[in-house]
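Residue-level listing of the chains:
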Amino acid sequence: MNISKHLLVTGLALAMLSAPAWAAQDSITAQLQPQSIGLGDSAQLLVTVEGAQPGEPSVPDVDGLEIVPVGQQSSMQMINGAITSNVTRIYQVTPERAGNFTIPAISVPGAGRTQPIELRVEDGSGGQAQTQRAPSQSRAQLPPPTMNGNSSAPVDGKNQPTFLRVVLPKQNLTVSELVPVQIKAYFRAGVSASLNGLPMLSSDAFALNKLDDQPEQTRESVNGVPYTVITWRSSLSAVKAGDYALNLDLPVMVRVQQERALRRARSGNDPFGDFFGGNSPFDDPFFDNFFGQSTEKPMTLHTNGDVVKIKALPTQGRPPGFSGAVGTFDVTSEAASTQGATGDPLQLKFSVTGSGNFSRVSSNGLPASAPWKNYDPSAQFTPADSSGLTGTKTFEQSIVPLQAGAQEIPAINFSYYDPEKETYVTKSTAPISVQIAQNSAAPAPAATPVVATSAPRATTKPAADGLAPDEVVSPGVTANLQP
């Protein structure tokens, strides 16, 4: 007899699709890890905004400190229909000299301000060791992702009804490098589950881009056993140098759909026993009072991720205009017109195309010079894939020619770090030849000033009450009037 006839159909309800209301008022917190370092080391500033629509924090400049954004982490929780969104922006803080520094309060409109944070930089390397990160709150509150009493879930899914995997293209990364990532939740036949949230990182060494609320659902076979697989595709970046395990948590609600299958499990005629290697998940005491009602069990699936080696960006050979872009890019520029007149603006477009962390791709465009006056460019990113790993970032800038004749729009330089070649690369656009005519519009002549004269006023004697009598004053006469 075909055993598959006795299996239950796996069903997954995406509980996150219903979101009645946002939960809490916006708030902002900041944390510096560690607060004592040596000169030549870097600290990590974490700014977390929680609420309905987390805004962009305003991080003030600090003399002697370089504060550079390197990524962000975002998560969303839904409890009893109330949704809370958390966005943690990660900054790398690098001192330029030894001493004591204060990072002033960081603010977000509508979310308040943080407290100032102190940083001590000693003259030398090897500051205070980083404190061990506390376990994820959601992971601490929920039981491990097993149904048979084990304390952890192996990533290969052997004898496990549910488990979580993370798939990276490589295990060696560079700080700020962005790579594609797949997060896959596996649910065995006969298990029904609801997602109570999105996958969340449990390590602050990485940053995960936004995940889709409607992931892909497919079927896969693991060790010859069929699973329903929920897959999120996104991109992940490394935040700080070192060796770190890549782990994620996924809160789920697990249940079994049919009493008939449970009775077979209790009577020994258990089709699930073969699939679970003789250890039926229904041996869990959790299922003792399952009959006669539908009972659910909250769980947190988590990965036992491999260690990822993260290298720091080298300081030697770093170009002056390097903005933190890591990947492979090409640059082009074009002018809206190759003819113009002095004083009339021309539109210049500068484009960066390729693969990498486009959030760190920036440009000031054409710098000001004697022949040209420039304005700050505007930027727009057009992704070529759903993860935002590839695409084109375009900068549009207004430039004004100041000199007539044959002119040249100079080349624009862009620098990035290539993690495959492990070197900095600077690329330049081709100069653009333009013909500039002298603007013939002359300024309007100054108007001849109008001089008004008036007849001398006669002196009058005050009245008895001390007030001067009323008198008629003749209007002034203009001898010559030119428009």
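Fair warning: this is a prediction, and the values are worked out from it, not measured in the lab.

**Q** How should the confidence of the model for the protein chain be read in this particular structure?
**A** Close inspection of predicted coordinates is inappropriate for parts of the model with low pLDDT. When pLDDT is averaged across the protein chain, the result is 74; 66% of the residues are at 70 or more. Confidence over residues 257-262 falls short of pLDDT 50; this stretch has 14 contacts with residues more than four positions distant or in other chains. With pLDDT under 50 throughout, residues 269-282 is counted as low confidence; its partners more than four residues away or in other chains account for 34 contacts.

**Q** I keep staring at the pattern of salt bridges and nothing clicks. Help me out?
**A** A side chain with one charge may pair with a side chain of the opposite charge, provided their charged atoms come close. All told, the structure shown has 10 salt bridges when counted by the stated rule. Among the salt bridges present, the one from K240 reaches D204, with a minimum N-O distance of 3.3 Å. Of this pair, K240 sits in the loop between strand 19 (225-238) and strand 20 (242-245) while D204 is found in the loop between strand 16 (200-201) and strand 17 (206-208), placing the two residues 36 residues apart along the sequence. The class of K240 is buried, set by a relative accessible area of 11%. Residue E422 pairs with K311 through a salt bridge whose shortest N-O separation is 2.6 Å. Here E422 is found in the loop between strand 31 (413-418) and strand 32 (423-428), whereas its partner K311 is found in strand 23 (residues 307-311), with 111 residues between them in sequence. On the basis of relative accessible area, E422 is assigned to the partly exposed category, the value being 48%. For K311, a relative accessible area of 38% puts it in the partly exposed group. Taken together, the shared-partner salt bridges in this structure form one network comprising K170, E177 and E420.

**Q** Whenever I open this one, the sheet that holds strand 4 (residues 36-38) confuses me. Can you help?
**A** Either a parallel or an antiparallel arrangement is found when strands of a sheet pair, and the pairing is made through backbone hydrogen bonds. Ordered by their spatial adjacency, three strands build an open sheet running 4-11-8, and the pairing between neighbours is mixed. If you trace the sheet from one side to the other, it starts and ends with strand 4 and strand 8 (99-103), each paired once. Adjacent strand axes in the sheet meet at a mean angle of 25°, parallel and antiparallel pairs treated alike. Strand direction decides the pairing type here: strand 8 and strand 11 (residues 117-122), joined by five bridges, are antiparallel.

What counts and what doesn't
Residues numbered from 1 in each chain as written. Predicted model: local features only at pLDDT ≥ 70, side-chain atom pairs only at ≥ 80, totals over all residues. Heavy atoms only, no water. pLDDT = per-residue confidence, 0-100. Contact = heavy atoms within 4.5 Å. Salt bridge = Lys/Arg side-chain N within 4 Å of Asp/Glu carboxyl O. Helix = DSSP H or I, 4+ residues; strand = E, 2+ residues; numbered from the N terminus. Buried < 20%, exposed > 50% of the residue type's maximum accessible area, 1.4 Å probe, protein only. Pairing = 2+ DSSP bridges. Axes fitted to C-alpha atoms, helices over the stretch in contact; angles between N-to-C directions.

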